[in-house]
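Examining the three-dimensional arrangement
Each chain, written out:
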Protein chains: 2
Amino acid sequence: MKLASLKGGRDGRLVVVSNDLAWFADAGAIAPTLQAALDDWTRVEPLLRGLAESLEHGAVPRERFHEHDAASPLPRAYQWADGSAYVNHVALVRKARAADMPESFWTDPLMYQGGSDGFLAPRDPIPLKDEAWGCDMEAEVAVVTGDVPMGATREEALDAIRLVMLVNDVSLRNLIPAELAKNFGFFQSKPASAFSPVAVTPDALGEAWKDGKLSGALEVELNGKPLGRADAGVDMTFDFGTLIAHAAKTRALGAGSIVGSGTVSNRGPDGGPGKPVDQGGVGYSCLAELRTVETLAHGAASTPFLKHGDVVRIEMRDGRRHTVFGAIEQEVRPA
Amino acid sequence: MKLASLKGGRDGRLVVVSNDLAWFADAGAIAPTLQAALDDWTRVEPLLRGLAESLEHGAVPRERFHEHDAASPLPRAYQWADGSAYVNHVALVRKARAADMPESFWTDPLMYQGGSDGFLAPRDPIPLKDEAWGCDMEAEVAVVTGDVPMGATREEALDAIRLVMLVNDVSLRNLIPAELAKNFGFFQSKPASAFSPVAVTPDALGEAWKDGKLSGALEVELNGKPLGRADAGVDMTFDFGTLIAHAAKTRALGAGSIVGSGTVSNRGPDGGPGKPVDQGGVGYSCLAELRTVETLAHGAASTPFLKHGDVVRIEMRDGRRHTVFGAIEQEVRPA
């Protein structure tokens, strides 16, 4: 089952989307918003699934689905916890600045508390006041949970996963060092993120969803040129069950909590950072990683961070090259 | 005007509370929840104010208000950003561990992104799985905002303050060092917080609300004994307008965002950390500060962190000793 929130009001309007993303059926009679559906999932899920089946059969009124009309599936959420599950990415970035990475990073997930009071729509511009802030995309996978009790096990956490989607976790790289030096984590350096037009239930992902990981190439483009094709199912040190259990260690998580994977990143065949796409590699899911590779190779980064007018695109396709979640496509614009 | 959310459902039931906290009138016909009211404040506020006036005059059906029946005013929220505006507190804690505090801490607010998907009710127990985690209270003031545009000035931010309340920002002190060492800020070390039974509009605070600060002794008790009486209006380096503007530098804040002051802390008359209440001082709003003072004086802390069965109480009274926000009173219990 695929769900989306059409723009409108603060929380959008819940619709069921056909598997090929061509059509939608209004789900307002079942639940007005995705958050309302998640709040009452046990009752609502079978009704939504019934509607989705009818939509596939053309047995209900339907309209054309346009990704441009979609807000992020949860236009605002109560929880956005972003992990850093591709430890390869962390190790690489640290290597470039000659910083050791503690061994514990391979066993104890890194996670930061994100802000969730307003997300960008997947085709909305990224408002950037100052290019000097060093704006970067981070292409990631994220899940939406139901209620997760405090102290949940990995298995309980996996059972609580309701939906899977993609995210562009916008980061202001040049604000990060000073902010992290204050030792309270990210705040100004992590402005609003954007999620894919469509959120998908794990069962609808078929073989691509297994053991709490999503497999498939995460296609990242900058200004129409491929930047990354890393497989989200490869080199993910912590699966989503582990990430959710980490988040729920000392507190319950409410229905509608979003948990992110961190920037998707694959090692090269030699165990190193891997090559850019145009050199036959799978490339990178953020500019910081490319800049790190440039720094390691040439002593300095040559690719700049995002400037006004740059366009970022993030998408995943299935085996038949059909889009799974729709595309995040955002132009950086002056705020 | 005073507002509360009676327990019920995920978001409670909005009521208007009389100034003396004795009575409430159901506000469901105006807005079902406080978040719904904040989402549509321009339309809703005058209606709620009319109801509040009628309640004071006994002109509407009313029922007894019991603080035990109240959830936190926003039982869950989209944004919880906690500042550290009493820089005295930060300087003191750093001094105890012989760490320098950067000069910039006096001009650039410290703020961490908190989790907001579920808050404890003000009289609910604090669920603590492991006493070794070092559970502490932090008595603070917090405000609820309307919509704040990206890049808002301090003055615009002050205009966006809708409500004022108290908060117990529960902290797990012994999880903090390892978590901060990972450099991604707090996550597991900041479990669910609890807010005062009642949230109050700034105008209803009279002289106590001025220039974005709340004046008055923040009464903190541990097991019935006074721990702190620090004045929230004293030694607050950053007022709420400055804190909100800091939070909104790179992104807009949605209606219903909660911004906290950080632990309230006053210097002693000599500029030092000040004395405990039983030695004639204003004491401390968290155990960590008391333990810091003990460490500075005797080389080691003697007061333990909270144990199962301990009871924390946080309240503020007006000039006539009447409670302003109601009391947060929480027993620590095994999870």
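Criteria and thresholds
- Within each chain, residues carry numbers counting from 1 in the order of the written sequence.
- A letter from A marks each chain and a number from 1 marks each ligand, given out in the order of writing.
- In keeping with the model being predicted, local features are shown solely for residues with a pLDDT of at least 70 and side-chain atom pairs are shown and tallied solely at 80 or more, while totals for entire chains, interfaces and linings include all residues.
- Computation of side-chain values covers all heavy atoms of the structure but excludes hydrogens and water.
- Only DSSP runs of H or I with at least four residues qualify as helices, and only runs of E with at least two residues qualify as strands; both kinds are numbered from the N terminus onward.
- In this description the radius of gyration comes from C-alpha coordinates, and the expected globular size is given by 2.2 Å times residues to the power 0.38.
- Each residue's exposure class comes from its accessible area (1.4 Å probe, protein chains only) as a fraction of the maximum for that residue type: buried when under 20%, exposed when over 50%, partly exposed otherwise.
- In this analysis, two residues are considered to be in contact whenever any of their non-hydrogen atoms come within 4.5 Å of each other.
- Where accessible areas are quoted, they stem from the Shrake-Rupley method and a 1.4 Å probe; at the residue level, only the protein chains shown are allowed to cover.
- Only four residue types enter the tally: Lys and Arg on the positive side, Asp and Glu on the negative side; His and the chain ends are excluded.
- To locate a charge, the coordinates of NZ of Lys, CZ of Arg, CG of Asp or CD of Glu are taken.
- Expected helix span is computed as 1.5 Å times (number of residues minus one).
- When the copies are superposed, the least-squares fit draws on C-alpha atoms of residues that have pLDDT of at least 70 in both.
- All axes here are fitted lines through C-alpha atoms, helices being fitted over the stretch that makes contact, and every angle between N-to-C directions spans 0 to 180 degrees.
- In these notes the angle categories are as follows: under 35 degrees is roughly parallel, over 145 is roughly antiparallel, 65 to 115 is roughly perpendicular, and the rest is oblique.
- Put simply, a crossing is left-handed when the front helix is turned counterclockwise from the back one by less than a right angle, and right-handed when it is turned clockwise.
- Three classes are used: nonpolar for Ala, Val, Leu, Ile, Met, Phe, Trp, Tyr, Cys and Pro, charged for Asp, Glu, Lys and Arg, and polar for all others, with Gly counted as polar.
- The pairing criterion is simple: DSSP has to find at least two bridges between the two strands.
- A 1.4 Å probe that fits into a set of points on a 1 Å grid over the protein atoms alone but cannot get out defines a cavity; an open set with protein on both sides within 12 Å along at least five of seven lines defines a pocket, and lining residues are those with an atom within 4 Å of a point.
- Grid points are joined across faces, edges and corners, and a volume is the space filled by probe spheres set on the points.
- What gets called buried area is simply the loss in accessible area from a 1.4 Å probe that two parts show on being joined, summed for both.
- In the sections that follow, a salt bridge refers to a side-chain nitrogen of Lys or Arg positioned within 4 Å of a carboxyl oxygen of Asp or Glu.
- Side-chain atoms alone can form a polar contact between residues adjacent in sequence; in general such a contact is a pair of N or O atoms within 3.5 Å, and within protein one must be able to donate a hydrogen while the other accepts it.
- Pairs of cysteine sulfur atoms within 2.5 Å are identified as disulfides in what follows.

Quick word on the overall build of chain A
Along chain A, the regular secondary structure elements total 7 helices and 21 strands. Taken over the C-alpha trace, chain A has a radius of gyration of 19 Å; the compact-globule value for 335 residues is 20 Å, and the two agree within 12%. Its C-alpha atoms put chain A at 60 × 45 × 35 Å along the principal axes. For chain A, the proportion of its 335 residues judged to be buried stands at 59%. Taking all contacts inside chain A whose residues are at least 6 apart in sequence as the whole, residues at least 24 apart take part in 72%. A total accessible area of about 12,300 Å² is found for chain A, and carbon and sulfur atoms account for 50% of it. In chain A, 34 side chains carry a positive charge and 45 a negative one; their mean positions are 3 Å apart.

A closer look at helix α2 (residues 41-56) of chain B
End to end, α2(B) covers 21 Å across 16 residues, agreeing with the expected 22 Å (1.5 Å per residue, within 8%). Within two residues after α2(B), B:G58 carries a phi angle of roughly 65 degrees, on the positive side.

Things to note about the relation of the copies chain A and chain B
Each of the two chain copies can be brought onto the other by rotation about an axis and movement along it. Least-squares fitting of chain A to chain B yields an RMSD of 0.0 Å, with the superposition described by an axial translation of 0.0 Å and a rotation of 180 degrees. The transformation relating the two chain copies, once decomposed into turn and shift, fits a two-fold axis. Rotation axis and chain A: the residue whose C-alpha lies nearest the axis is A:G185, separated from it by 1.8 Å.

Overview of unusual backbone geometry
Residue and element names in this part refer to chain A. Of note in the backbone geometry, L21 takes a positive phi value of approximately 65 degrees without being a glycine. Within the secondary structure, L21 is located in the loop between β2 (13-17) and β3 (23-26). In this structure, R321 takes a positive phi of about 65 degrees despite not being glycine. Along the polypeptide, R321 turns up in the loop between β20 (311-316) and β21 (328-334).

Structural notes on the packing of helix α3 (residues 87-96) of chain B against helix α7 (residues 287-298) of chain B
Helix packing geometry: the angle between the two helix axes and the distance between the axes. Residue and element names in this part refer to chain B. Close contact between α3 and α7 brings their axes to 9 Å; oriented N to C, the two are set at 45 degrees. In terms of orientation, α3 and α7 fall into the oblique class. Seen along the crossing, α3 lies across α7 with a hand that is left-handed. Facing α3, whose interface residues are H89, L92, V93, K95 and A96, α7 presents E289, T292, V293, T295 and L296. Its residues assigned to classes, the contact of α3 with α7 shows 5 nonpolar, 3 polar and 2 charged.

Some points on the sheet that holds strand β18 (residues 225-228) of chain A
Residue and element names in this part refer to chain A. Overall, mixed pairing links the 5 strands, which are arranged β8-β21-β20-β17-β18 in an open sheet. Here the strands that pair on one side only, and so sit at the sheet edges, are β8 (126-128) and β18. Between one strand and the next, the sheet's axes are offset by a mean angle of 25 degrees, whatever the strand orientation.

A short note on empty space enclosed by the protein
The tally for this structure, following the rule as stated, stands at 10 cavities of 30 Å³ or more. Volume-wise, the largest cavity comes out at about 60 Å³. In terms of residue class, the lining of the largest cavity is built from 5 nonpolar, 5 polar and 4 charged.

A closer look at the interface of chain A and chain B
A common way to state how big an interface is: give the accessible area lost once the parts meet. Counting residues at the interface gives 53 residues for chain A and 53 residues for chain B. Summing both partners gives a buried area of about 4,800 Å² for chain A against chain B, and 54% of it is carried by carbon and sulfur. One salt bridge connects B:R10 with A:D147, and the closest N-O pair in it is separated by 2.7 Å. At the level of secondary structure, the elements contributing two or more residues to the side of chain A that touches chain B comprise α1 (34-39), β7 (111-114) and α6 (240-247) of chain A. Of all the elements, β7(A) adds the most residues to the side of chain A that touches chain B, at 4 residues. Each residue belonging to the side of chain A that touches chain B can be placed in one class, and the counts come to 25 nonpolar, 15 polar and 13 charged.

Details of the pairing of strand β1 (residues 2-6) of chain A
Successive residues of a regular strand alternate their side chains across the two faces of the sheet. Residues and elements named next belong to chain A. Taking burial as the measure, the 5 residues of β1 include 5 buried ones, the bulk of the element. Where β1 and strand β14 (residues 199-200) come together, 2 bridges link them in antiparallel fashion. Bridge pairing links L3 to A199 in β14. Here β1 pairs with β2 via 5 bridges, running antiparallel. Residue pairing across strands places A4 opposite V15, the latter belonging to β2. For β1 and strand β5 (residues 70-71), the ladder comprises 2 bridges, and the chain directions are antiparallel. Residue pairing across strands places S5 opposite A71, the latter belonging to β5.

Quick look at the environment of A:R43
As for its position among the elements, A:R43 is in helix α2 (residues 41-56). Distance from A:R43 to A:I30, taken between C-alpha atoms, is 9.6 Å for residues 13 residues apart in sequence.

Looking at the side chain of A:S189
All names here are of chain A. Looking at where S189 falls in the secondary structure, it is placed in the loop between α5 (176-181) and β13 (194-195). Its relative accessible area of 0% is what places S189 among the buried residues. A polar atom in the side chain of S189 sits 2.5 Å from the side chain of E179. Sequence-distant contacts of S189, that is, excluding residues within four places in its chain, are made with V170, S171, L172, L175, I176 and E179.

Here we look at the sheet that holds strand β21 (residues 328-334) of chain B
All names here are of chain B. Strand order in the open sheet made by the 5 strands is β8-β21-β20-β17-β18, with mixed pairing throughout. The sheet terminates laterally at β8 (126-128) and β18 (225-228), the two strands that pair on one side only. Averaged over all pairs of adjacent strands, the angle between their axes in this sheet comes to 25 degrees, without regard to strand direction. Bridge count between β8 and β21: 3 bridges; the pairing is parallel. Paired with P127 across the strands is R333, a residue of β21.

Some words on the state of the cysteines
Residues and elements named next belong to chain A. Scanning the entire structure with this criterion turns up 0 disulfides over all chains. Here C135 stays unpaired: no disulfide links it, and the sulfur of C286, its closest cysteine neighbor, is 12 Å away. Residue classification places C135 among the buried residues on the basis of a relative accessible area of 0%.

Concerning the pattern of salt bridges
Side chains that differ in sign of charge can pair as their charged atoms come close. Throughout the structure, instances matching the rule amount to 50 salt bridges over all chains. For B:D169, the salt bridge is made with B:K190, and the minimal N-O distance between the two is 2.9 Å. Note that B:D169 is positioned in the loop between β11 (161-168) and β12 (171-172) and B:K190 in the loop between α5 (176-181) and β13 (194-195), a separation of 21 residues in sequence. As far as the burial class goes, B:D169 and B:K190 line up, both buried. Across the salt bridge formed by B:E315 and B:R313, the nearest N and O atoms sit 2.8 Å from each other. Judged by its relative accessible area of 22%, B:R313 falls in the partly exposed class. The network of salt bridges with shared partners includes A:E219, A:R313, A:E315, A:R317, A:R321 and A:E329.

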